Amino acid sequence: QVQLVESGGGLVQPGGSLRLSCAASGSIFSIYAMAWYRQAPGKQRELVAQITSGGSTNYQDSVKGRFTISRDNAKNTVYLQMNSLKPEDTAVYSCFAIVRSTGSISDYWGQGTQVTVSS
């Protein structure tokens, strides 16, 4: 079994910054892609950013230039640095990982962390 645990959410004023972390633990041989998704009230979950095991990244257009995804492979951790936050960034942010364990490759999700951007 693999667990993903997020941290770093909270309340921030518009223009502020937050850094989310997601640590994977358990039966891990290697982690392929890792990503951050978000879901705002009444909206579908959407991909925010993703990063491959080699460090290639991809961002949703609305966060390009403001958010940065990174990962520490030694710690099995993915980060999302969010700058210049806007009220429309308010959502529950969840991390996602494709993990290879002994004999299998599976998708895993974290429990989510709330990010609220408001004055």
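For clarity, every value in this text was computed on a predicted model and none was experimentally measured.

Draft legend 1. Quick look at the state of the cysteines. Counted according to the given criterion, the structure contains one disulfide. Across a sulfur-sulfur distance of 1.9 Å, Cys-22 and Cys-95 are joined as a disulfide pair. Negative torsions about the S-S bond denote left-handed disulfides, and the value of about 45° found for Cys-22 with Cys-95 makes this one right-handed. Here Cys-22, found in strand 3 (residues 18–26), pairs with Cys-95, found in strand 9 (residues 91–101); they are 73 residues apart in sequence, far enough to count as distant. Note on Cys-95: relative accessible area 1%, which makes it buried.

Draft legend 2. Representation of the side chain of Ser-101 in the model. The residue Ser-101 is located in strand 9 in this model. On the accessibility criterion, Ser-101 (10% relative accessible area) is buried. Setting aside its immediate chain neighbours within four residues, Ser-101 contacts Val-2, Ser-27 and Phe-29.

Draft legend 3. Just the pairing of strand 9, in detail. Within strand 9, eight of the eleven residues are buried, which leaves the element mostly enclosed by the surrounding structure. Bridge count between strand 4 (residues 30–39) and strand 9: eight bridges; the pairing is antiparallel. By the bridge assignment for strand 9, Ala-35 is matched with Phe-96. For strand 9 and strand 11 (residues 113–117), the ladder comprises three bridges, and the chain directions are antiparallel. Paired with Ala-91 across the strands is Val-115, a residue of strand 11. Sheet analysis places strand 9 next to strand 10 (residues 104–109), joined by six bridges and oriented antiparallel. Opposite Phe-96, over in strand 10, you have Trp-109 as the bridge partner. The loop that links strand 9 with its antiparallel partner strand 10 comprises two residues; one of these, Gly-103, has a positive phi angle of about 85°.

Conventions and cut-offs
Residues numbered from 1 in each chain as written. Predicted model: local features only at pLDDT ≥ 70, side-chain atom pairs only at ≥ 80, totals over all residues. Heavy atoms only, no water. Disulfide = S-S within 2.5 Å. Helix = DSSP H or I, 4+ residues; strand = E, 2+ residues; numbered from the N terminus. Buried < 20%, exposed > 50% of the residue type's maximum accessible area, 1.4 Å probe, protein only. Contact = heavy atoms within 4.5 Å. Pairing = 2+ DSSP bridges.

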